Amino acid sequence: MSQEESSWNFSKDCRPAGAFEPITDQPIIREQLREIIRLGTMAPSGRNNQPWRFVTIVAPCGPPQGSSDPQGNTIYPNRSLAPQQDFGELSRVAAGNALAPGFRTTLQKLVQLTRYSHIIEKAAACIIVFLDKTAMYHEVKDHQSMGACLQNLLLAAHGLGLGAVWLGEILKSAKEVRELCGLSNDMELVAVVALGHPAGKGGKADRRPVEEVLLKEL
Ligand SMILES: Cc1cc2nc3c(=O)[nH]c(=O)nc-3n(C[C@H](O)[C@H](O)[C@H](O)COP(=O)(O)O)c2cc1C
């Protein structure tokens, strides 16, 4: 296949959309998240031990502008339900059928566990990424595998036209996030990936020039 025929061009597309602000209020459906995770798991791992595990959360698209939960907290003010669109599972979320009671609380708690709450609040979905400590064989190499998986998740999201942000700051609340997800000590939080439909191209941070990072050409 020629480069023209390929829909994915590494030299052009290797940088996934970073900060996805502003984003639209279009939801992300669970099938998209599963596909992103499937592609994430295509990452290499030492001994092919595939130590990654995931928890997904979709933001409800139901609450109209400025609506409140029973405690009076405003949630997802930027999200609205467009009835003409088929949102698949999300339309059932909007109808209150698909998610266990307390899912709003889960999202609200997650928001409180990072100073990047504004990113999670705006996100249409989050993928919480864990390292299964029982699958580990080498501390450094397993974390390297997780980094490869994370980058695959970002690229997969990019390939689906989504913006994704790798949130690491939330690691300071690793225990709380793990408990929020109802997982055992065996699961080590690695990152949260916040996803949304970008409204535009968004800004991208500068990179050091190759001349600066290429130390030697031996
Ligand atoms: C390990 C790691 C942790 C990160 N943590 C955060 C974070 O907590 N909040 C955030 O907004 N971005 C976070 N990022 C995204 C970086 O800030 C971002 O990749 C970098 O500034 C370059 O921007 P770009 O990816 O948009 O080009 C993280 C990235 C990595 C790899």
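Only a predicted model underlies this, so the values are computations on that prediction, with no experimental measurement involved. (Residues numbered from 1 in each chain as written. Predicted model: local features only at pLDDT ≥ 70, side-chain atom pairs only at ≥ 80, totals over all residues.)

A few points about the nonpolar core
In terms of nonpolar packing, the biggest core is built from 44 residues, with Ala125, Cys126, Leu153, Val193, Ala194 and Leu195 touching the most fellow members. Counting residues per element, the ones that place at least two in this core are α2 (30-40), β1 (52-58), α4 (103-111), α5 (117-122), β2 (125-132), α6 (139-159), β3 (163-167) and β4 (187-196). Sequence-distant contacts of leucine 195, that is, excluding residues within four places in its chain, are made with Ile28, Ala123, Ala124, Ala125, Cys126, Ala157, Leu162, Gly163 and Ala164. (Core = buried A, V, L, I, M, F, W, Y, C linked by C-beta atoms within 7 Å. Buried ≥ 20, exposed ≤ 12 C-beta atoms within 10 Å, placed from the backbone. Helix = DSSP H or I, 4+ residues; strand = E, 2+ residues; numbered from the N terminus. Contact = placed C-beta atoms within 7 Å.)

Thoughts on unusual backbone geometry
In this structure, arginine 47 takes a positive phi of about 60° despite not being glycine. By the element assignment, arginine 47 lies in the loop between α2 and β1. One non-glycine residue with positive phi stands out, namely asparagine 48, at about 50°. Assignment of secondary structure puts asparagine 48 in the loop between α2 and β1. Residue classification places asparagine 48 among the exposed residues on the basis of 7 C-beta atoms within 10 Å.

What about the packing of α2 against α6?
The contact between α2 and α6 brings their axes to 8 Å, and the two run at 135°. On the basis of their axis angle, the class for α2 and α6 is oblique. Where α2 crosses over α6, the handedness of that crossing is right-handed. Only Cys149, Asn152, Leu153, Ala156 and Ala157 of α6 make contact with α2, whose side of the interface consists of Ile36, Leu39 and Gly40. Per-class residue counts for the contact of α2 with α6 are six nonpolar, two polar and no charged. (Axes fitted to C-alpha atoms, helices over the stretch in contact; angles between N-to-C directions. Parallel < 35°, antiparallel > 145°, perpendicular 65-115°, else oblique. Left-handed = near helix turned anticlockwise from the far one by under 90°. Nonpolar A, V, L, I, M, F, W, Y, C, P; charged D, E, K, R; others polar.)

What about α6?
Compared with the 30 Å implied by 1.5 Å per residue over 21 residues, the 30 Å span of α6 between its first and last C-alpha is a close match. Taken residue by residue, α6 has Asp142, Ser145, Met146, Cys149, Leu150, Asn152, Leu153, Leu154, Leu155, Ala156, Ala157 and His158 as its buried positions. Once α6 finishes, glycine 161 follows within two positions and takes phi at roughly 80°, a positive value. (Expected span 1.5 Å × (residues − 1).)

Topic: the environment of threonine 106
Tracing the chain through its elements places threonine 106 in helix α4. In this structure threonine 106 comes out as partly exposed when scored by C-beta crowding, with 16 C-beta atoms within 10 Å. A C-alpha to C-alpha distance of 8.1 Å links threonine 106 and cysteine 181, two positions 75 residues apart in sequence. With residues up to four places along the chain from it excluded, the contact list for threonine 106 reads Ile57 and Leu180.

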